[in-house]
Amino acid sequence: MTKKLVIKVTAGADAPERCSQAFTVAAVAVASGVEVSLWLTGESSWFALPGRAAEFELPHAAPLPDLIDAVLAAGRLTLCTQCAARREITEKDVIEGVRIAGAQVFVQETLADDTQALVY
């Protein structure tokens, strides 16, 4: 049975190391064949918008756009409904492949069998 990984990233440019760690772990897990669901919440919500990840810089870290592409290629990337609403982000604004979903879906994913949840 394949183990699933749900990662919630709450940090963005305000806490770049924590942010980068979340995206790096998600991309490495996807590359390792793990089923990954990465949730963008709080300040990381801005990375659901085209071009925003390219503005993120952290020395000695993989480029955020590459990590996002890796997750989108074989995992799931979700923007929190409330976080999107607070930032006036709609489905028409986000990168192709990003879904907007709320707490009910997050809880459902994290409580599924053989699932590990991480929060950054």
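Residues numbered from 1 in each chain as written. Predicted model: local features only at pLDDT ≥ 70, side-chain atom pairs only at ≥ 80, totals over all residues. Heavy atoms only, no water.

Caption draft 1: The overall build of the protein, seen in detail. A tally of helices and strands in the protein yields four helices and five strands. Sequence-ordered secondary structure for the protein, helices as α and strands as β, is β-α-β-α-β-α-β-α-β. For 120 residues, the compact-globule formula gives about 14 Å, and the C-alpha radius of gyration of the protein, at 13 Å, lands near that figure. If you line up the protein on its principal axes, its C-alpha atoms span 40 × 35 × 25 Å. A burial count over the protein gives 40% of its 120 residues as buried. Look at the contacts in the protein between residues 6 or more apart in sequence, and 71% of them connect residues 24 or more apart. If you sum the accessible surface of the protein, you get close to 6,600 Å²; carbon and sulfur atoms cover 52% of it. (Helix = DSSP H or I, 4+ residues; strand = E, 2+ residues; numbered from the N terminus. Rg over C-alpha atoms; globule rule 2.2 N^0.38 Å. Buried < 20%, exposed > 50% of the residue type's maximum accessible area, 1.4 Å probe, protein only. Contact = heavy atoms within 4.5 Å. Areas by Shrake-Rupley, 256 points an atom, 1.4 Å probe, with all protein chains shown as cover.)

Caption draft 2: Quick look at the pattern of salt bridges. Applying the stated criterion to the full structure yields four salt bridges. Here D93 and K92 are joined by a salt bridge, their closest N and O atoms 3.5 Å apart. For E109, the salt bridge identified is with R99, shortest N-O distance 2.3 Å. Of the two residues, E109 is situated in helix 4 (residues 103-110) and R99 in strand 4 (residues 98-101); the sequence distance between them amounts to 10 residues. In this structure E109 comes out as buried when scored by relative accessible area, which is 12%. Residues joined by salt bridges that share partners form a network here, namely R76, R99 and E109. (Salt bridge = Lys/Arg side-chain N within 4 Å of Asp/Glu carboxyl O.)

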